[in-house]
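One-letter residues, chain by chain:
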Amino acid sequence: MTNTSTSGPPIDLFPSGTLARVTGTGPAAEVLREHLRALGATLTEAADPGDSGSAATAMLDLGNGIRREVFVPWAGPIDEPALTNETTVQAICGVMHVNGRRIGAPRGLSLDYCATTAGVLAMTGLLASLLVPAEHLRIDTSVAESALLAISQYLAAAGADDPEAVDLAPGGPPFVSADAIRFEIESLQPEPWAAFWTALGVEARTAGKGWRPFQFRYATATAPLPRALHAAVRSQRFSVIAQTAARTGVSVCRLYGAAEPGTPATDVLPAPWSIADSIDSPVQHRDSIASPGSPLGGVSVLEAGRRVQAPLAAHLLRLLGADVTRIEPPGGDPLREMPPYSGDLSARWLALNRGKQAAEFDIKSAADRASLRELAAEADVFLHNWAPGKAEELELSAQHLPPGLVYAYTSGWAGLDLEDAPPGTDFMVQARTGLAELVGPPDSPPAPSLMTLLDVLGGILGAEATVLGLLRRHSLGRGTAVQSSLLAAANTLRRHGISTTPLALRQPFRLDSRWVVSAPDALVPVTDDPAQLLTDPRFATVLGRDDHGCPALTAPWRMS
């Protein structure tokens, strides 16, 4: 699979004559080229390898005196010279540990996930810097910081005040039917889950024991399910399992091959985000308080997010200086109570939501929805990741909210009319887009990673799309609706993340009771517990603890 540019006409965010030069030949550089080109910049000079200590660099010249330079080294501010490529980043920064929890041993992602993610992270910082009234700015991030962002919720839990409330033993999907079809299951509520397994002959008590590890798999990257569940599906053909799922309200999706005709093509979306400008109600411009340390200073964001994708997007906007208010149900977000705790709050919840304010609304109430629309009139951004059609049903879609807003929807499938499309959640999108075949070692059966790969990359794309919307709003003087998606995240990985490294070298091996990976000049130990990073002096400049004592990653950009 080759790296290609996104198809479709450019969005023309940049003024005519804008030039960009990107150095580097890997995923971070390719993502920067693709996104800059999609926004109307003209790429100059051919790709060159650049500095061996850097994954990518870029220079953007808008032709009106505005210039931005971007630097994406492998290690960045982390004091570890062995951080020189994707393999060592995954090993040292804890990605291999988290990705391998399902099998009980560290496992490398065969895709160049961290470098690909770093490209989107760098682009987000670059776009945000354009809101700062400065002629020249330099933006720094790193591949290692993108890796730490990817495991931030697992890192927070590992460094919490109390131990895990669920078993982190190996195990989990995918499931295998009697006719050898590998598939994923999705259920967001315990009742359909219980009904599905009961219909397949599993005792209710056994099915109930499986619900908690299944529900927590997004947060733990493993799911030690009762053996009886796997045995029950192994005794049935997939057609029977699918019929049972449809009857009980559970979703199933077989694992599609990466090159299978029914798998969405990597260029099925014209760009990683979509943009629709409002034609009504010019925006009342506010005085900007943006600065290199706070490029979104003065921007107010309302976030109605669940799980990872939208909360992470809003978290990144907050790290860029925005004031973020979460829309929570009466009584507060129940995920605040999700163990383990730091202080009196869930460590995992804090990883994505620290520093945000909260406002409680019962969105089932017409009166509360009207109040929410009034609150939105005072905001700059409304961001959510509700299921398709939910915003329209609640009359909280772009057409129902003040037209001067940036309306940001972090979706699953980007509105793609896909045959047999499952719910747009991380593991189901991995299954349906062929990523399950690409993330693991070539000699292993296909299986989606239980790390939230797409939720994290989709969240970063959501932050990038929102900043793009703010720039568009500032330029045109009217509101904008932007959409990013997990599908776009999957396509980004499938276009740019295919590794050129021999995949056998990506996998760790045992040596003298330790797991290690091969680096160019030495063997590098694999981090086998994210909590170790919190006391590791190499990471002192980027990892600390927040006001609740929860492990926290500093903002992954520096602007100067």
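Refer to the structure printed above.
Residues numbered from 1 in each chain as written. Predicted model: local features only at pLDDT ≥ 70, side-chain atom pairs only at ≥ 80, totals over all residues. Heavy atoms only, no water.

1. Re the overall build of the protein
Logical step 1: Counting its secondary structure elements, the protein contains 19 helices and 23 strands.
Logical step 2: A globule of 560 residues ought to have a C-alpha radius of gyration of about 24 Å, and the protein, at 23 Å, matches this closely.
Logical step 3: Among the 560 residues that make up the protein, the fraction classed as buried is 58%.
Logical step 4: Look at the contacts in the protein between residues 6 or more apart in sequence, and 75% of them connect residues 24 or more apart.
Logical step 5: Here the protein holds 44 positive side-chain charges and 59 negative ones, and the gap between their average locations is 5 Å. (Helix = DSSP H or I, 4+ residues; strand = E, 2+ residues; numbered from the N terminus. Rg over C-alpha atoms; globule rule 2.2 N^0.38 Å. Buried < 20%, exposed > 50% of the residue type's maximum accessible area, 1.4 Å probe, protein only. Contact = heavy atoms within 4.5 Å. Lys, Arg positive; Asp, Glu negative; His and termini not counted. Charge placed at Lys NZ, Arg CZ, Asp CG, Glu CD.)

2. Things to note about empty space enclosed by the protein
Logical step 1: Summed over the entire model, instances satisfying the criterion amount to 3 cavities of 30 Å³ or more.
Logical step 2: Taken as a whole, the largest cavity spans an internal volume of roughly 70 Å³.
Logical step 3: Lining the largest cavity, in full, are L149, S152, L155, H315, L319, A351, R354, P551, A552, L553 and P556.
Logical step 4: In terms of residue count, the dominant contributor to the lining of the largest cavity is strand β22 (residues 551-553) (3 residues).
Logical step 5: In this model, the second largest cavity occupies a volume close to 50 Å³.
Logical step 6: Around the second largest cavity, the lining residues are L149, A150, S152, Q153, V308, L312, L352, T452 and V456. (1 Å grid on protein atoms, 1.4 Å probe; cavity = no way out; pocket = protein on both sides within 12 Å on 5 of 7 lines; lining within 4 Å. Points joined across faces, edges and corners; volume = space filled by probe spheres on them.)

3. Quick word on a nonpolar patch on the surface
Logical step 1: Residues F509, L511 and L523 make up a contiguous nonpolar surface patch of about 230 Å² in total accessible area.
Logical step 2: Within the element layout of this structure, L511 appears in strand β18 (residues 509-511). (Patch = residues over 30% accessible without salt bridge, like charges linked within 9 Å, V, L, I, M, F, W, Y side chains within 5 Å. Areas by Shrake-Rupley, 256 points an atom, 1.4 Å probe, with all protein chains shown as cover. Salt bridge = Lys/Arg side-chain N within 4 Å of Asp/Glu carboxyl O.)

4. What to know about the packing of helix α1 (residues 27-38) against helix α18 (residues 486-496)
The packing of two helices is summarised by the inter-axis angle and the distance between the axes.
Logical step 1: With their axes 10 Å apart at the nearest point, α1 and α18 run at an angle of 120 degrees to one another. Classed by the angle they form, the pair α1 and α18 counts as oblique. Considering the relative orientation of α1 and α18, their crossing is right-handed. Within the contact between the two elements, α1 uses P27, E30, V31 and E34 and α18 uses T492, R495 and H496.
Logical step 2: Across the contact of α1 with α18, the residue classes break down as 2 nonpolar, 2 polar and 3 charged. (Axes fitted to C-alpha atoms, helices over the stretch in contact; angles between N-to-C directions. Parallel < 35°, antiparallel > 145°, perpendicular 65-115°, else oblique. Left-handed = near helix turned anticlockwise from the far one by under 90°. Nonpolar A, V, L, I, M, F, W, Y, C, P; charged D, E, K, R; others polar.)

5. Examining the pairing of strand β15 (residues 381-384)
Logical step 1: Here β15 shows no split at all, with V381 and L383 on one side and F382 and H384 on the other all buried.
Logical step 2: Sheet analysis places strand β10 (residues 300-304) next to β15, joined by 4 bridges and oriented parallel. For A304, the partnering residue across the bridge sits in β15 and is H384.
Logical step 3: Where β15 meets strand β16 (residues 406-411), 4 bridges bridge the pair, whose relative direction is parallel. Directly across from L383, in β16, lies its bridge partner A408. (Pairing = 2+ DSSP bridges.)

6. Some remarks on the side chain of N99
Logical step 1: Looking at the element boundaries, N99 is found in helix α3 (residues 95-99).
Logical step 2: Judged by its relative accessible area of 10%, N99 is buried.

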